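What follows is the residue order along each chain.
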Amino acid sequence: MKTITQIKEEMTTTIRDYIVPFWLNNSIDTQYGGYITSFDENGKFDGNGIKNIVTQSRMVWGFSYLLDYAKDEDKARMKEAARHGAEYLMDQFWDKEFGGFYWLLNRDGSIADPSKLTYGEGFGVYALAQYYLTYGDKRALEVAEKAFDLIQKYSTDTLRGGYYENVERDWSLSPAGAYAGDRKSLDIHMHLLEAWTTLYQATGKEIHKRKLQESWDIIKTYMINKDDGYGLNQFDLWFNQIPAINIKRTWNAERESNETIKTPTNTTSYGHNVELSWLADHALKVIGSRAEEDNEILIKFLDHALAHGWDYENGGVFRDGVGNGEALVTDKEWWQNFESLTGFLNGYVMTKNSKYFETFAALWEFDKKYFMNYEVGESRQLLDKKGNPLVSNIGNPWKGIYHTGRAFAECISRLNALEK
């Protein structure tokens, strides 16, 4: 097994010489504004210019948060790339009549879907708060706070707690069923936790801290199996668990996939759980306090993934399974396998239990060998169980710099601390 220093050097080279340059050189849409994110296996734009508020926000976040991981000669371009995208969010994606961010724009900036999905609104907050933290743009922070306030006003379930899944352009609740007006999900609440963490770091305001704590309390109280250590998936408005369906306007519904679960099932995502482990740990550090059971919960997420979601034969993390049963979907997707790098390494930082570092190191070897396309500079999207490519594209309307770039940045930060 490689040393901390060896892995850190490999990851530093990967983000500095491949990930950041690929997106910096290819994603800026100089014709219409914002970013293009759809690239085939050779890194060529595939013609899909749709702009999703989630991915556009993640690109702004990436060009902000990853500044320190760029080459010195790329730093000025990083700032300009972030400014380019942040202004596009504030000028083009922002609904000047009802407020909030549109869900989808066409490449030319015309509206493709004006809905206000809570997931997307949260990522707009996350991106602009981070852009402010890195570059000091006060207008960005003002818009982030305005978006936060609209979410609290229109997307919060003030009767039962938590947040509604999807709302329409005028902030009315989306229809029931496939448009999820009658359900809530762990996914939404986990990523709002992420957004509120960065917003509170940017403002230091009590309301942002309170909503951050509340989001974790909602997740902890209703959305996880605390005994066995895994996340539940979807719920009715009263937080009763219900079989998960493919909700429209989500990655689960739109992904190119080899394996699917056709019957609504109470599934859990192993990579999601590991991602939640480190995101919640970070959020609790930012809040400055945690309950006695919090650390136990966060480590149980890792142990559950090791017991049920780790491929002991081939390496890597499976996609989905049911509770404490076997994995139902054994293909391997990029985001779970990069977010899990941070999650398992963070578990080692928390506990000093070597099994988490060993899993992190083994996962890095798997990701480096099978996911990373070093000839192009990014990760492939989807592999089969043995690591053979199923979907080789390295960018799409949902896939940008965020999961890979963040994994390397978070891991390098923790490896630096471990070295010292």
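Structure first, text after, so check above.
Residues numbered from 1 in each chain as written. Predicted model: local features only at pLDDT ≥ 70, side-chain atom pairs only at ≥ 80, totals over all residues. Heavy atoms only, no water.

1. Quick word on the overall build of the chain
- Counting secondary structure elements, the chain contains 13 helices and 18 strands.
- Over its C-alpha atoms the chain spans a radius of gyration of 20 Å, differing by no more than 12% from the 22 Å that the globule rule assigns to 420 residues.
- Across its three principal axes, the chain shows a C-alpha extent of roughly 55 × 50 × 40 Å.
- Taking all 420 residues of the chain together, the buried fraction comes to 61%.
- Considering only residue pairs separated by 6 or more positions, the chain has 68% of its internal contacts joining residues 24 or more positions apart.
- Within the structure as shown, the chain displays about 15,700 Å² of accessible surface, and the carbon and sulfur contribution to it stands at 45%.
- Charged side chains in the chain number 48 positive and 61 negative. The centres of these two groups are separated by 2 Å. (Helix = DSSP H or I, 4+ residues; strand = E, 2+ residues; numbered from the N terminus. Rg over C-alpha atoms; globule rule 2.2 N^0.38 Å. Buried < 20%, exposed > 50% of the residue type's maximum accessible area, 1.4 Å probe, protein only. Contact = heavy atoms within 4.5 Å. Areas by Shrake-Rupley, 256 points an atom, 1.4 Å probe, with all protein chains shown as cover. Lys, Arg positive; Asp, Glu negative; His and termini not counted. Charge placed at Lys NZ, Arg CZ, Asp CG, Glu CD.)

2. Focus: unusual backbone geometry
- Backbone geometry at Trp171 places phi at a positive 75°, although glycine is not the residue there.
- Mapped onto the fold, Trp171 is located in the loop between β5 (166-167) and β6 (183-185).

3. Observations regarding the packing of helix α10 (residues 292-309) against helix α11 (residues 334-351)
- One can describe the packing of α10 onto α11 by two numbers: an axis separation of 10 Å at closest approach and a directional angle of 135°. Viewed along their axes, α10 and α11 adopt a mutual orientation that is oblique. Both α10 and α11 take part in a crossing whose hand is left-handed. Together, Asn295, Leu298, Ile299, Leu302, Ala305 and Leu306 of α10 and Gly343, Phe344, Gly347, Met350 and Thr351 of α11 make up the contact between the two elements.
- Residue classes in the contact of α10 with α11 are distributed as seven nonpolar, four polar and no charged. (Axes fitted to C-alpha atoms, helices over the stretch in contact; angles between N-to-C directions. Parallel < 35°, antiparallel > 145°, perpendicular 65-115°, else oblique. Left-handed = near helix turned anticlockwise from the far one by under 90°. Nonpolar A, V, L, I, M, F, W, Y, C, P; charged D, E, K, R; others polar.)

4. Focus on the sheet that holds strand β2 (residues 104-105)
- One open sheet accounts for three strands, arranged β1-β2-β3; its pairing is antiparallel. Each of the sheet's edge strands pairs with one partner strand only, and the pair in question is β1 (51-52) and β3 (111-113).
- Pairing analysis gives two bridges linking β2 to β3, with the strands arranged antiparallel. Paired with Leu105 across the two strands is Ile111, which belongs to β3. (Pairing = 2+ DSSP bridges.)

5. A few points about the nonpolar core
- One finds Met11, Phe63, Leu276 and Phe360 to be the most contacted residues of the largest nonpolar core, which totals 124 residues.
- Apart from the residues within four sequence positions on either side, Phe63 is in contact with Trp23, Leu24, Ser27, Ile28, Tyr35, Met78, Ala81, Ala82, Tyr135 and Ile401. (Core = buried A, V, L, I, M, F, W, Y, C linked by side-chain atoms within 4.5 Å.)

6. Structural notes on the environment of Lys51
- Note on placement: Lys51 falls in strand β1.
- By relative accessible area, which is 0% here, Lys51 ends up buried.
- Between the C-alpha atom of Lys51 and that of Leu104, which follows or precedes it by 53 residues, the distance is 5.6 Å.
- If we skip the residues at most four places from it in the chain, Lys51 touches Asp29, Tyr32, Gly33, Tyr35, Gln56, Tyr88, Phe93, Trp103, Leu104, Leu105, Asn106 and Arg107.
- At 2.9 Å, the side chain of Lys51 and the side chain of Asp29 are in polar contact. (Polar contact = N/O pair within 3.5 Å; in protein donor to acceptor, adjacent residues only side chain to side chain.)

7. Here's the deal with the sheet that holds strand β14 (residues 332-333)
- The three strands lie next to each other as β14-β17-β18, forming an open sheet whose pairing is antiparallel. This sheet does not close on itself; its edge strands, each paired only once, are β14 and β18 (389-391).
- Two strands pair when backbone bridges link them, and β14 and strand β17 (residues 382-383) are joined in this way by two bridges, in the antiparallel orientation. Its bridge partner being in β17, Glu333 is matched across the sheet by Leu382.

8. Structural notes on the packing of aromatic side chains
- Under the defined criterion, the tally for this structure stands at 29 aromatic pairs.
- In this structure an aromatic cluster arises from ring pairing among Trp61, Tyr65, Trp103, Tyr119, Phe123, Tyr126, Trp398 and Tyr402.
- In this arrangement the basic side chain of Arg58 is found over the ring face of Phe123, its NZ or CZ atom lying 4.4 Å from the centre.
- In this structure, Lys352 packs its charged tip against the face of Tyr348, placed 5.9 Å from the ring centre. (Phe/Tyr/Trp six-rings, centres within 6.5 Å; stacked < 30°, edge-to-face > 60°. Lys NZ or Arg CZ within 6 Å of the ring centre and 35° of its normal.)

9. Considerations on helix α13 (residues 402-419)
- Here α13 contains 18 residues, and its C-alpha end-to-end distance of 25 Å stays within 8% of the 26 Å for a straight helix at 1.5 Å per residue.
- With respect to burial, α13 is a largely interior element, 13 of its 18 residues being buried. (Expected span 1.5 Å × (residues − 1).)

10. Some points on the side chain of Asp294
- Here Asp294 shows up in helix α10.
- The buried category is assigned to Asp294, whose relative accessible area is 2%.
- Look past the residues within four positions of Asp294 in its chain and what remains in contact with it is Trp216, Lys220 and Leu284.

11. Quick notes on the packing of helix α2 (residues 53-65) against α13
- Running from N to C, α2 and α13 point in directions that differ by 25°, and their axes come no closer than 10 Å. By the angle between their axes, α2 is roughly parallel relative to α13. Relative to α13, α2 is oriented so that their crossing is left-handed. Along the contact surface, α2 presents Arg58, Trp61 and Tyr65, while α13 presents Tyr402, His403, Arg406, Ala409 and Glu410.
- Here the residues of the contact of α2 with α13 are counted per class, giving four nonpolar, one polar and three charged.

12. A few points about the pattern of salt bridges
- Tallying each qualifying case throughout the model produces 35 salt bridges.
- For the salt bridge of Lys51 with Asp29, the shortest nitrogen-to-oxygen distance reads 2.9 Å. You can see Lys51 sitting in strand β1 and its partner Asp29 sitting in the loop between α1 (4-26) and β1, a full 22 residues away along the chain. Just as Lys51 is buried, Asp29 falls in that class too.
- Across the salt bridge formed by Arg319 and Asp331, the nearest N and O atoms sit 2.9 Å from each other. Placement of the pair is Arg319 in the loop between α10 and β12 (320-321) and Asp331 in the loop between β13 (327-329) and β14, with a sequence separation of 12 residues. One exposure class covers both Arg319 and Asp331, and it is buried. (Salt bridge = Lys/Arg side-chain N within 4 Å of Asp/Glu carboxyl O.)

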